[in-house]
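# Coordinate analysis (summary)
Listed here are the chains, written in short residue letters.
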Amino acid sequence: MDTGDVLASLGVEGATAAAHALSLPAEAYGNDAQLEVMWAMKAYNHAEVYYNLIASVDPKLLKLTKSDEQIYTKFREAFPDLSIDVLDPELLKSADAKEKWRPFCNEFEGVVEDFNYGTLLRLDCQKDYTEENTIFATRIQFYAIEIARNREGYNDFVHKTSSKTKQQKKEES
């Protein structure tokens, strides 16, 4: 089911209640299946919007936050050799990786809104969000890696491929 259809089916009151529920801290909830579905929908919508953005606009021109420069600089200081074109999930999720990422992420508390919220991140930057190509990461990890991918030219492939496809469709019609 399309996420737009799901949100529309909630109605105004339901969508408002869902938005309010999603704004509360995680500690306010146990393991609520409905809430997990709402979080998943929100994460998917974020991913879909971001992918459409890099497909439509030259990624090098994008500014994802007001702190892009700080995020990029600190990211490359902390992870100078991290290969970001195709991510190894172990470099994000293993116990050793979490120990290295934690201080980096916590540095952005109060700087980047919702820095520790969960979001979806593509493993291979040349591919779309799919079950096989997606990992759950914190918002600041997403920003750090995607800002670096944009600045370092790794997301150019998505933009160029999308532009070629649009041009071909335009020529065919």
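Residues numbered from 1 in each chain as written. Predicted model: local features only at pLDDT ≥ 70, side-chain atom pairs only at ≥ 80, totals over all residues. Heavy atoms only, no water.

Looking at an unreviewed UniProt entry, one finds the protein chain named Polysaccharide biosynthesis domain containing 1, with Cyprinus carpio as its source organism.

A separate point is helix H6 (residues 139–151). Compared with the 18 Å implied by 1.5 Å per residue over 13 residues, the 18 Å span of H6 between its first and last C-alpha is a close match. For H6, a buried count of twelve out of 13 residues is recorded, marking the element as mostly surrounded by other parts of the structure. Looking only at H6, the buried set comprises Arg139, Ile140, Gln141, Phe142, Tyr143, Ala144, Ile145, Glu146, Ile147, Ala148, Arg149 and Asn150. Where H6 terminates, the next one or two residues include Gly153, which has phi positive at roughly 85 degrees. (Helix = DSSP H or I, 4+ residues; strand = E, 2+ residues; numbered from the N terminus. Expected span 1.5 Å × (residues − 1). Buried < 20%, exposed > 50% of the residue type's maximum accessible area, 1.4 Å probe, protein only.)

This part covers the pattern of salt bridges. Evaluated as defined, the whole model comprises nine salt bridges. For Asp156, the salt bridge is made with Lys60, and the minimal N-O distance between the two is 2.5 Å. Of this pair, Asp156 sits in helix H7 (residues 156–172) while Lys60 sits in the loop between helix H2 (33–56) and helix H3 (68–78); the two residues are 96 residues apart in sequence, bridging distant segments of the chain. The exposure class of Asp156 is buried, given its relative accessible area of 12%. Put simply, Lys127 and Asp124 hold a salt bridge, and the shortest N to O gap is 3.9 Å. A residue is classified by how much of its surface remains accessible, and Asp124, at 15% relative accessible area, is buried. Among the charged side chains, a salt-bridge network with shared partners connects Arg122, Glu146 and Arg149. (Salt bridge = Lys/Arg side-chain N within 4 Å of Asp/Glu carboxyl O.)

For the structure on display, the rule yields ten aromatic pairs. Relative to Phe142, the ring of Tyr50 lies with its centre 5.0 Å away and its plane at 80 degrees, an arrangement referred to as edge-to-face. Placement of Tyr50 in helix H2 and of Phe142 in helix H6 is noted, with a sequence separation of 92 residues between them. Both residues of the pair, Tyr50 and Phe142, count as buried. Clustering of aromatic rings is evident, with ring pairs tying together Phe75, Phe79, Trp101, Phe104 and Phe108. A cation sits over an aromatic face here: Arg122 above Tyr129, 5.9 Å from the ring centre. (Phe/Tyr/Trp six-rings, centres within 6.5 Å; stacked < 30°, edge-to-face > 60°. Lys NZ or Arg CZ within 6 Å of the ring centre and 35° of its normal.)

Two elements in contact, H2 and H6, have axes whose closest approach is 13 Å; the angle formed by their N-to-C orientations is 10 degrees. Taken together, the axis directions place H2 and H6 in an arrangement best described as roughly parallel. Contacts from His46, Tyr50 and Ile54 of H2 reach H6 at Phe142, Glu146 and Asn150. Among the residues forming the contact of H2 with H6, the class breakdown is three nonpolar, two polar and one charged. (Axes fitted to C-alpha atoms, helices over the stretch in contact; angles between N-to-C directions. Parallel < 35°, antiparallel > 145°, perpendicular 65-115°, else oblique. Contact = heavy atoms within 4.5 Å. Nonpolar A, V, L, I, M, F, W, Y, C, P; charged D, E, K, R; others polar.)

Okay, empty space enclosed by the protein next. According to the stated counting rule, one finds one cavity of 30 Å³ or more in the structure shown. Computed from the structure, the largest cavity encloses a volume of approximately 50 Å³. If you go around the largest cavity, the residues you meet are Trp39, Lys42, Ala43, His46, Tyr117, Gly118, Thr119 and Arg139. Of all the secondary structure elements, the ones that give two or more residues to the lining of the largest cavity are H2 and strand S1 (118–122). When residues in the lining of the largest cavity are grouped by element, the largest group, four residues, is from H2. Classifying every residue of the lining of the largest cavity gives three nonpolar, three polar and two charged. (1 Å grid on protein atoms, 1.4 Å probe; cavity = no way out; pocket = protein on both sides within 12 Å on 5 of 7 lines; lining within 4 Å. Points joined across faces, edges and corners; volume = space filled by probe spheres on them.)

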